[in-house]
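# Structural characterization, general
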Amino acid sequence: MKIRDFGVEIWMNRYENECEWNLAETCVESLTVAELVEMAGKTETILDELLPLKLTYGAIEGSERLRRLIAGLYEKQALENVVVTHGAIGANALVHETLVEPGDRVISVLPTYQQHYSIPESYGADVRILKLTEENGFLPDLDKLRTLASPGTKLIAINNPNNPTGALMDSAFLERIVDIARACGAWILCDEVYRGTDQEGDGMTASIADLYEKGISTGSMSKTYSLAGLRLGWIVGPQELLHAVSIHRDYNTISVGMLDDHFAAIALENRDRILARSRAITRTNLAILEEWVAGEPLISWIKPGSGTTALLKYHVTMPSEVFCVKLLERTGVMLTPGSAMDMEGYLRIGYTNSEAVLREGLRRISQFLAEERPAAA
């Protein structure tokens, strides 16, 4: 099996540890163990919980405690509809590995997390790309999707809220995608790792698993819940799908770590506090970014409705990777080039680290742009 280089991951691995001001980070600012146990009121008792744990494989599909908590994030799901994975990256890979065979029609939006088109492509699938555009607010063009969704289409892969654009499909929009999928018999895989970060209301996006009998939702503790270090994600979907997934999962997972499972359960038992923290960070910082974009003549955007990232269009005549390398070398600020996401001409910014890092990073980007102004298009 041959597969394309994973553009974003290669970029992050190459430069993440060299930058001074990381505006490529996609997680809401990570929690420390101390902060998590303090939120849970367990500062004095956490060792009493951890020390007796025997470090075996634990529950293969995830502890019942954790799976019930994950199911509680959805409207119509039960423990039996949940399997725990090594991050959402493991969840997505397992779904593609389970469903996709050579020649299958797979439709993926772009931009999105590269797994959703490069993995099925590597399996010999007939991958069709549905390009998201500024003209549609980076939402899928449903007429084009309907045209691509020929009878027998195996899978439609979407990402909601979208990475990197922050575009948000509401329940009514998702229902229209469900109608298209149902008409051709397709599964829908919705990568929902940023669910819970909406800019309005309680922050919680409708889930495809609750809207469609062949809807598959993937999620994780990494982005919204600020616990990427746990490397813990999940698949939520119909039991028949999870039974098929488990056959593949036996070959590459066995179980997640018991400590990861335990801390994830603690976090979800206190999710209201974590989500309130995440909403405060995402909404405060997006307002800062919005003000900066409004005052920066060489940058334009479609303002995100959710998520932790935005896609910035820059009006300087240089390739995005050259832009990002020069920016990093000259200012210490790290962004992600659009070329790493097959979106040349754009930059991805992660805006949900600390407010101080964001403000200083933006100041330095403005300084860099001022120096590059003669090269502006």
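In this report, we go over the structure that sits alongside the text. As the structure is a computational prediction, the values presented were derived from the model and not from experiment. (Residues numbered from 1 in each chain as written. Predicted model: local features only at pLDDT ≥ 70, side-chain atom pairs only at ≥ 80, totals over all residues. Heavy atoms only, no water.)

## Focus: the overall build of the protein
Defined as follows: Secondary structure elements follow DSSP: runs of H or I of four or more residues count as helices, runs of E of two or more count as strands, with numbering from the N terminus. Every radius of gyration here is taken over C-alpha atoms, with the globule rule written as 2.2 Å times N^0.38, N being the number of residues. Remark: exposure states derive from per-residue accessible area (1.4 Å probe, protein chains only) relative to the maximum for the residue type, with buried under 20%, exposed over 50%, and partly exposed in between. Contact between two residues is taken to exist if any of their heavy atoms lie within 4.5 Å; hydrogens are not considered. Here, Shrake-Rupley sampling with a 1.4 Å probe gives the accessible areas, and only protein chains in the shown set may cover a residue.
Tallying secondary structure elements over the protein gives 14 helices and 13 strands in all. Radius of gyration (C-alpha) of the protein: 21 Å, near the 21 Å computed for a compact globule of 377 residues. Its C-alpha atoms give the protein principal-axis dimensions of about 60 × 60 × 40 Å. The 377 residues of the protein split such that 58% are buried. Of the contacts made within the protein by residues no fewer than 6 positions apart, 74% connect residues no fewer than 24 positions apart. As presented, the protein carries roughly 15500 Å² of accessible surface, and 51% of it is formed by carbon and sulfur atoms.

## Some thoughts on the pairing of strand E5 (residues 155-159)
Short version of the rule: One requirement defines pairing of two strands: DSSP has to find at least two bridges between them. Handedness of a crossover: with both strands directed away from the viewer, a clockwise path from the first strand across the helix to the second marks it as right-handed.
Counting buried positions over the five residues of E5 gives five, a clear majority of the element. Here three bridges tie strand E3 (residues 105-110) to E5, and the two strands are oriented parallel to one another. Pairing of Val-106 across the sheet is with Leu-155, part of E5. In this sheet, strand E6 (residues 187-191) lies alongside E5 in parallel orientation, the contact comprising five bridges. Bridging from a neighbouring strand, Ile-158 pairs with Cys-190 of E6. After leaving E5, the chain enters helix H8 (residues 171-184) and then returns to the sheet as E6, a path that is right-handed.

## Considerations on the packing of aromatic side chains
Rules: Ring geometry is summarised as follows: Phe, Tyr and Trp rings, the Trp one being its six-membered ring, pair when their centres sit within 6.5 Å, and such pairs are stacked at plane angles under 30 degrees, edge-to-face over 60 and tilted between the two.
Summed over the entire model, instances satisfying the criterion amount to five aromatic pairs. Relative to Tyr-346, the ring of Phe-138 lies with its centre 6.3 Å away and its plane at 75°, an arrangement referred to as edge-to-face. Here the residue Phe-138 occupies a position in the loop between strand E4 (126-131) and helix H7 (142-148), and Tyr-346 occupies one in strand E13 (residues 346-350), the gap between them amounting to 208 residues. Comparing Phe-138 with Tyr-346, the two get one shared label, buried.

## With respect to helix H1 (residues 7-15)
Quick reminder of the rule: This arc describes the spread of directions from the helix axis toward the C-beta atoms.
Here H1 has its buried residues at Val-8, Trp-11, Met-12 and Tyr-15. Buried residues of H1 fall within an arc of 95° about the axis and therefore sit on the same side. In this structure, the buried residues of H1 make contact with helix H13 (320-331), strand E11 (333-334), strand E12 (336-337) and E13.

## Re the sheet that holds strand E10 (residues 309-314)
Strand pairing in a sheet relies on backbone hydrogen bonds, with the paired strands running either antiparallel or parallel. What the four strands build is an open sheet, ordered E9-E10-E13-E12; its pairing is antiparallel. The strands lining the two open edges of the sheet, one partner per strand, are strand E9 (299-301) and E12. With two bridges connecting them, E12 and E13 associate as antiparallel partners. Looking at E13, one finds that Pro-337 is bridged to Leu-347.

## Brief notes about the nonpolar core
Quick reminder of the rule: To qualify as a nonpolar core, a set must consist of buried Ala, Val, Leu, Ile, Met, Phe, Trp, Tyr and Cys residues joined through side-chain atoms within 4.5 Å.
In terms of nonpolar packing, the biggest core is built from 39 residues, with Leu-289, Trp-292, Leu-312, Phe-323, Leu-335, Leu-362 and Ile-365 touching the most fellow members. Taken together, the elements giving at least two residues each to this core come down to H1, helix H12 (271-294), E9, E10, H13, E11, E13 and helix H14 (355-372). Among the nonpolar cores identified, the runner-up in size contains 32 residues, and Leu-36, Ala-71, Leu-232 and Phe-263 belong to it.

## Here's the deal with the pattern of salt bridges
How we decide: Should a side-chain nitrogen of Lys or Arg be within 4 Å of a carboxyl oxygen of Asp or Glu, the pair is scored as a salt bridge.
Tallying each qualifying case throughout the model produces 21 salt bridges. Here Arg-182 and Glu-213 are joined by a salt bridge, their closest N and O atoms 2.9 Å apart. With Arg-182 in helix H8 and Glu-213 in the loop between helix H9 (208-211) and strand E7 (215-220), this pair connects stretches of sequence that are 31 residues apart. In the salt-bridge network here, residues are joined through shared partners; they are Glu-20, Glu-360, Arg-363 and Arg-364.

## Side note on unusual backbone geometry
Geometrically, the link from Leu-110 to Pro-111 is a cis peptide bond, its omega value of 10° lying close to zero. Mapping Pro-111 onto the fold places it in the loop between E3 and helix H6 (115-122). The omega angle of the peptide bond from Asn-163 to Pro-164 is 20°, so this bond is cis rather than trans. Relative to the assigned elements, Pro-164 resides in the loop between E5 and H8. The backbone of Phe-138 sits at a positive phi, close to 60°, despite the residue not being glycine.

## As for the sheet that holds E5
Rules: To obtain an axis, a line is fitted to C-alpha atoms, over the contacting stretch when the element is a helix, and the angle between two such axes runs from 0 to 180 degrees between their N-to-C directions.
Pairing is mixed in the open sheet, where seven strands are placed in the order E2-E8-E7-E6-E5-E3-E4. In this open sheet, the two edge strands, each paired with only one partner strand, are strand E2 (82-85) and E4. Neighbour to neighbour, the strand axes of the sheet diverge by 20° on average, direction disregarded. Both E6 and E7 contribute to a ladder of four bridges, which runs parallel. In the strand pairing of E7, Leu-189 is matched with Ile-216.

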